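Examination of the molecular architecture
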Amino acid sequence: GIFISRPRVLLTMQQAGTIGSIMSADSEPELQLQALRCWREILLAEEKRVESGDAKSKMDSNQSITLSNKISGDQDSDATLVGGVLTQHSPRLYQMTKDKNDRIRYACVDLLSHLLRQGLLNPFQTIPYLFGLQGDVDAPDIRALALKLLTNEGEKRPDMLRQRICAGVKNAFLYQRVVYPDKEVTAGIPHVSEGATTYKSIFASVFKESIRNTKKQKQGLFTNLLGLFDMGDADGNDKKQKTEKVNLPLLSFTAEVLAYLPYNTSSDPLFIIYHIQAATALQGAQHLDRMMAFLQEQGFPVDVNDENNEEDDLELAAKANRPSGSKKAALLAHRKFDILSFEELCETASSFTLLLRLKNYLRKVYRLSETRCIEYSPEGQERNFDKIASTSDMPQFDSKIVGSFRHYPTDKNDPKEHDVNKDAVILQYAEFRRLLRMEQTVGARMTDSSDDEEDAKTGADDVEPMEED
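Residues numbered from 1 in each chain as written. Predicted model: local features only at pLDDT ≥ 70, side-chain atom pairs only at ≥ 80, totals over all residues. Heavy atoms only, no water.

A word on the pattern of salt bridges
- Applying the stated criterion to the full structure yields 18 salt bridges.
- Among the salt bridges present, the one from Lys-328 reaches Asp-313, with a minimum N-O distance of 3.9 Å. With Lys-328 in the loop between α18 (313-317) and α19 (339-365) and Asp-313 in helix α18, this pair connects stretches of sequence that are 15 residues apart.
- Its relative accessible area of 29% is what places Asp-313 among the partly exposed residues.
- Connected through shared salt-bridge partners, Asp-312, Glu-315, Arg-433 and Arg-437 make up one network. (Salt bridge = Lys/Arg side-chain N within 4 Å of Asp/Glu carboxyl O. Helix = DSSP H or I, 4+ residues; strand = E, 2+ residues; numbered from the N terminus. Buried < 20%, exposed > 50% of the residue type's maximum accessible area, 1.4 Å probe, protein only.)

Below, the structure written as structure tokens:
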């Protein structure tokens, strides 16, 4: 109550560092909760004071306020002071959305709703945290409140919603890791009915209400999410080779997001498949060439001109109960073999594996033929018969990467660095080659079919008409 009646006391405590200390992660949870509730009451009281006309009456009665100050808006310094102090703590408010105490999380989101409504927070910075809160699978009330705010922002700023989706997906991934460290990160909420388990996307509601009905918004969303998998460029250079390691858990989560979204037209999964095919046909094939060249340098009996028409030694070794113990994979255990570099190559290959799994999943769920996938063009118009029955309950998508890779900094002088899960590396290499070979087989079959049709057409054109008697 004292801050409401005497706002300048708030400034004094802010300058003394008391406010920051109360809201810090080191203070008691109950104290943090009361601080959030106090902020909410102050904001509402200031809003009521301004809207009721009390601020204007006070200004008119104060003869010291000049006309120029009245016009410029400097007359209500108390309201500006409250908002200014609170916005200085916005970074801490964003941190509190990931607090393990669900009461603190709810109070924080409630406070964010008032700050957004009063224009005291930048929506561009806030939207990713609201997306992150959609990952709060065990607190439906928090998810619902965050969804309401996302929907409001989507109606006012649809382009911003699409622009911040990648940051939002990353936040949802990190959110579950921080808030629920003992649970598996997932983009799908499981639902068991009649002995069968289906999954509903954590972003299903915001997708249906704010994105799905606009083609531009949808395709922008899909493109941004698929961009997280971009491992190289048209010249065959690894973009992330020199900058950062592949974040496979995040990519697995992103693949789940794309798998479980409730599409209502076949052009949505076809658009995703189209871009997956383009990426794997070029970048995937180039990455396989790099892997083959590496294995040859390391002494493996491989043909760098191998067109991946059949299984190689490592693929055969992957069929064993313990792949790394197979004679065909014995070279991986040699001390001169650069297992760390090969592991990094396999991690990148796993990103393509996830994309190809996603393509096969979407084809199966939405019953899309090979011909339709090949012939689809993103520039084409959506047709009435492209509409499909939308459902939020989807079969499980396999986003799990076999085994586990290291995730600590590389130090070749550290013995632990050489303790690589060789079985996982071999299995991932084998799956990547197998899925890429399937893609090449489909492409070759479609090309042969097109050639046959063209030959038949040409042959028909060459037939001379019979002369009439």
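Let's pick the thread back up.
Comments concerning the pairing of strand β1 (residues 188-193)
- Pairing of β1 with strand β2 (residues 196-201), which is carried by six bridges, proceeds in the antiparallel orientation. When the bridges of β2 are listed, Ile-189 appears paired with Lys-200.
- The antiparallel hairpin formed by β1 and β2 contains two residues in its connecting segment, where Glu-194 sits at a positive phi of about 55°. (Pairing = 2+ DSSP bridges.)

A look at the confidence of the model for the chain
- When pLDDT is averaged across the chain, the result is 82; 77% of the residues are at 70 or more.
- Contacts of residues 239-243 to residues separated by more than four positions or lying in other chains number seven contacts, the stretch itself having pLDDT below 50.
- The model gives residues 465-469 a pLDDT under 50, and that stretch makes zero contacts with residues more than four places away or in other chains. (pLDDT = per-residue confidence, 0-100. Contact = heavy atoms within 4.5 Å.)

Notes on the packing of aromatic side chains
- By the definition in use, this model includes 17 aromatic pairs.
- Here the aromatic rings of Phe-222 and Phe-271 are separated by 6.1 Å at their centres, their planes lie at 45°, and the arrangement is tilted. Highlighted residues: Phe-222 in helix α15 (residues 215-226) and Phe-271 in helix α17 (residues 267-297), separated in sequence by 49 residues.
- Accessibility expressed as a relative area gives 0% for Phe-222, which makes it buried.
- We classify Phe-271 as buried; its relative accessible area is 4%.
- Note on Phe-352 and Phe-432: the rings are 6.1 Å apart at their centroids and 35° apart in plane angle, and the pair reads as tilted. On the criterion of sequence distance, the pair formed by Phe-352 in helix α19 and Phe-432 in helix α21 (residues 422-462) is long-range, its members being 80 residues apart.
- When its relative accessible area of 2% is taken as the criterion, Phe-352 is described as buried.
- Exposure remark for Phe-432: the relative accessible area of 0% places this residue in the buried category. (Phe/Tyr/Trp six-rings, centres within 6.5 Å; stacked < 30°, edge-to-face > 60°.)

Here's the deal with helix α13 (residues 165-179)
- The end-to-end C-alpha separation of α13 is 20 Å, in line with the 21 Å expected for 15 residues at 1.5 Å each.
- Those residues of α13 not exposed but buried are Ile-165, Cys-166, Gly-168, Val-169, Asn-171, Ala-172, Phe-173, Tyr-175, Gln-176 and Val-179.
- Check the buried side of α13 and you find it contacts α9 (102-117), α10 (123-132), α12 (158-163), α15 and α16 (248-260). (Expected span 1.5 Å × (residues − 1).)

So, the environment of Glu-256
- Here Glu-256 shows up in helix α16.
- Relative accessible area serves as the criterion here: at 5%, Glu-256 is assigned to the buried category.
- Placed 102 residues apart in sequence, Glu-256 and Leu-358 show a C-alpha to C-alpha distance of 8.3 Å.
- Among residues more than four places away in sequence, those in contact with Glu-256 are Thr-186, Ala-187, Gly-188, Phe-397, Ser-399 and Lys-400.

Regarding unusual backbone geometry
- The residue Glu-194 is not glycine, and still its phi comes out positive at about 55°.
- By the secondary structure assignment, Glu-194 is in the loop between β1 and β2.
- Exposure remark for Glu-194: the relative accessible area of 82% places this residue in the exposed category.
- Although it is not a glycine, Arg-367 adopts a positive phi angle of roughly 55°.
- Considering the arrangement of structural elements, one finds Arg-367 in the loop between α19 and α20 (370-375).
- The exposure class of Arg-367 is exposed, given its relative accessible area of 77%.

Examining the nonpolar core
- Formed by 115 residues in total, the largest nonpolar core has its most connected members in Leu-93 and Phe-342.
- If one sorts the elements of this core by residue count, α19 sits on top with 13 residues.
- In this view, Phe-342 contacts Met-291, Phe-294, Leu-295, Leu-314, Leu-332, Phe-337, Val-425 and Tyr-429; residues no more than four positions away in its chain are not counted. (Core = buried A, V, L, I, M, F, W, Y, C linked by side-chain atoms within 4.5 Å.)

Some details on the packing of α9 against helix α11 (residues 140-156)
- It is the contact of α9 with α11, at a shortest axis distance of 9 Å, that shows an interaxial angle of 20°. Accordingly, the angle class assigned to the pair α9 and α11 is roughly parallel. The chirality of how α9 crosses α11 is left-handed. Contacts between α9 and α11 pair Asp-102, Arg-105, Tyr-106, Val-109, Asp-110, Ser-113 and Leu-116 from the former with Asp-141, Ile-142, Leu-145, Ala-146, Leu-149 and Glu-153 from the latter.
- Per-class residue counts for the contact of α9 with α11 are seven nonpolar, one polar and five charged. (Axes fitted to C-alpha atoms, helices over the stretch in contact; angles between N-to-C directions. Parallel < 35°, antiparallel > 145°, perpendicular 65-115°, else oblique. Left-handed = near helix turned anticlockwise from the far one by under 90°. Nonpolar A, V, L, I, M, F, W, Y, C, P; charged D, E, K, R; others polar.)

Brief notes about the side chain of Ser-201
- Among the secondary structure elements, Ser-201 is positioned in strand β2.
- Among the polar contacts listed, one links the side chain of Ser-201 to the backbone nitrogen of Phe-203, at a separation of 3.0 Å. (Polar contact = N/O pair within 3.5 Å; in protein donor to acceptor, adjacent residues only side chain to side chain.)

Some details on the packing of α17 against α19
- Here α17 crosses α19 at 155°, and the two axes come no closer than 9 Å. With respect to α19, the element α17 is oriented roughly antiparallel. The element α17 and its partner α19 pack so that their crossing is left-handed.

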